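These are the residues of each chain, in order.
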Amino acid sequence: MWSFSGIANNIHTWLGEHFNATWTMIIEMVIAGVAVIGLFALLGLVLVIMERKVSAWMQIRLGPNRVGPKGIFQSLADTLKLLVKEGMTPDGADKLLFNVAPFIAMIVAMLLLAPIAFASNFQLWDLNIGVLYVSAVSSIMVISILMAGWASNNKYSLMGAMRSGAQIVSYELSAGLSVLAVVVMCGSLQMSEIIESQRNGWWIFKGHIPMLIAFITFIIAVTAETNRAPFDLAEAESELTAGFHTEYSGMKFALFFLAEYVNVFIVCAIGATLFLGGWMPLHIGNWEGFNHAMDYIPSSLWFFGKTFFLIFVIMWFRWTFPRLRIDQLLNLEWKYLLPISMINLLVVTAMAILGWHF
Amino acid sequence: MYRETEVIQDLATAGEGDMVINVGPQHPATHGVLHLVITLNGETIKKVEPHLGYIHRSIEKMCESLSYRQFIYVTSRMDYLSAHINNHACAMCVEKGLQVEVPPRAQVIRVLMDELTRIASHELWWGAMAMDLGAFTPFFHAFRERESINDIMEETCGARLTMNYMVPGGVMHDLHPNFQQRVKDFLQLYKRKIHEYDELVTGNIIFQNRMKNIGVLKAEDAISYGCSGPTARGSGVSSDIRKLYPYEIYNKLEFDEVLETGCDSFARYMVRIREMQQSIRIVEQLIDNIPEGDFQAKTKAVLKLPKGEFYTRVETARGELGVYIVSEGGTTPYRIKFRSPGFSNLSVLDHIARGSKIGDLVAMMGTLDLVIPDIDR
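Everything in this summary refers to the structure shown in the same document.

About the criteria used
Residues numbered from 1 in each chain as written. Chains lettered and ligands numbered in written order. Predicted model: local features only at pLDDT ≥ 70, side-chain atom pairs only at ≥ 80, totals over all residues. Helix = DSSP H or I, 4+ residues; strand = E, 2+ residues; numbered from the N terminus. Rg over C-alpha atoms; globule rule 2.2 N^0.38 Å. Contact = placed C-beta atoms within 7 Å. Buried ≥ 20, exposed ≤ 12 C-beta atoms within 10 Å, placed from the backbone. Pairing = 2+ DSSP bridges. Axes fitted to C-alpha atoms, helices over the stretch in contact; angles between N-to-C directions.

Another point: the overall build of chain A. Scanning chain A from terminus to terminus reveals 15 helices and 2 strands. Since a compact globule built from 358 residues should have a radius of gyration of about 21 Å, the 21 Å found for chain A is in line with a globular shape. Along the first, second and third principal axes, the C-alpha atoms of chain A reach 65 × 60 × 45 Å. Long-range pairs, those at least 24 residues apart, make up 78% of the contacts in chain A between residues at least 6 apart in sequence.

Written as structure tokens, this is what we have:
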């Protein structure tokens, strides 16, 4: 059957026949790098058009419908426009930091694509501390936002960056604690092992109510971490015009924009991997026939289906809820989410020790 | 206008660690060209100073060189969301001077149009209010209903925003034959969709937390700042001109003056939401009872007001609009002064915003329902 891992193996064997081991490795790294950059751009384009279509659907509009069939090339045209636009640097800005910040945002988003398993046996880097790596690298994101806000020398940008700093640092805690719940359950930080542990059922079903709480906390926390509405205080266009990227234009702005969308994809992919089984098809206990039928659906479809479902949920939030105020935002984290996820983690740990799960 | 010396002055009076920010004149939250100079301490507001003049078209001066028929058209451009009601106020003032009796049919048409305008204006306010709080979708839902009112207006008046339909002595031309049916269709649509407003916004916990106990305007402050309309009624101050000084046929209609005693942003929000239902009630009473007859009283081709001073007031969607005409007996007014509701309502912004967060400032501006061309004529 057609699969990503088949293609990857074919390329590997073909390269192995024609080059020596070192060159094979170098060429494979280049291919992987190009694939990541391509995926970064493609995800940006797809998610932007998806967001516009979803919002149009919720707002009784048509959305983009002129460029290409049903407007699917609209974001391509927009990217082309942004590419040829002048990327201005304001006079009073700290030039180096101002120009470096968008690239840091982009690099972080690309680094985070490494440990994600897109399909069965198809993963760039299955490192043994996968989950830890993700939480460690994703916290670098806040540096790029703070840099952008500070270097712009604009009061709106500064306020947006400061809000964002407080927000991301706070919400990382509950995101981390809810991820830990899964790690405690399956006893591994490695992405492939976490997926393997869900062969007989996804964690969200196997872990009873505590896992459900962890999942909901995770979704709320990552929505805040990626600065999406209703937690989009860093941008808050009705208050701060555009927040931390007020002064950015052209491709530098586009990099922030794409990084935001790719980050949404990444957090949803991680949510799907940890709680919904990643590429693992839906298996229910001993139902042999059912499980077998589910296996016929390609693993990449399972992965992207789950991820895009979560992305849709996060978009749904954005187009439904009003924005929180900064003090309410921090109250929500420190007074509600954090205590809940800490207690929840204790309960999950007890469950894991006593074996009270399927 | 805001001069450079004033900026320096503001910076000089700002304390240690304070930040002076210009919100506007080009800013998504100010709904026009309002310029606010706010002094911040972190996220907390210490002072808000509105600066006007960016959209001053000297409408009052322009009116002095226009005849009594012509000047009414200019007033559509003041509070463009209640153009009908502005025209109505001016037409009533001229009629007062001419001592013309408006035919019953024209009176009913005028009230119907006023109330439809009020609904349309509150619809737009509701969408913009939600947008200020960061929710985009309500805006489109509000426009769905507003659009059908605009269509009704377009059929009868020929315009969708600046209608210029009210003239001294009545209305410019008769209602479109489709008018009654279209209005009934609108009433049905509105009743089918109104629950969406509560589900999407009013009942939302985030929305309620953002609105309750925020921007508290006490009743005595509302009176001393000269607030009117929903802004004053949100503080429990009875100020509905339709009830206090009834004009046209308002004293024969059954409707309630909406009063909320919460004094906060949420109270002002609820006043407008409930006012829409009262307007619907008025439209329902009138739509099947439009009397036959003339739509315009017979007036001379060239209007001349007798020497004297004339004042009328109406309730627009934003509050009390007063029109004051001084006549020297000629064909043009000697002086015209408008008492616009938005100007007084804007003046409380500094009072209610001090000490709250910058996000709340935007929400408070939303509940004051500012239309900048109305403040800055």
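That was the structure; now back to the text.
For the rest of this paragraph, the subject is unusual backbone geometry. For Lys70(A), which is not glycine, the phi torsion reads 55 degrees and is therefore positive. Tracing the sequence through the fold places Lys70(A) in the loop between helix H2 (21-58) and helix H3 (74-84). In this model, Cys263(B) sits at a positive phi of 65 degrees, which is unusual for a non-glycine residue. Tracing the backbone shows Cys263(B) in the loop between helix H11 (241-244) and helix H12 (265-287). Residue Cys263(B) is classed as buried on the basis of its 21 C-beta neighbours within 10 Å.

Moving on, we get to the environment of Glu284(B). Along the polypeptide, Glu284(B) turns up in helix H12. For the pair Glu284(B) and Val183(B), spaced 101 residues apart in the sequence, the C-alpha separation amounts to 9.1 Å.

Residue and element names in this part refer to chain B. With respect to topology, 3 strands assemble into an open sheet ordered E1-E2-E3, the strand pairing being antiparallel. Each edge of the sheet is formed by a strand with only one pairing partner; in this case those strands are strand E1 (18-23) and strand E3 (44-51). Across the sheet, the mean angle separating the axes of adjacent strands is 20 degrees when strand polarity is ignored. Here E1 pairs with strand E2 (residues 35-41) via 6 bridges, running antiparallel.

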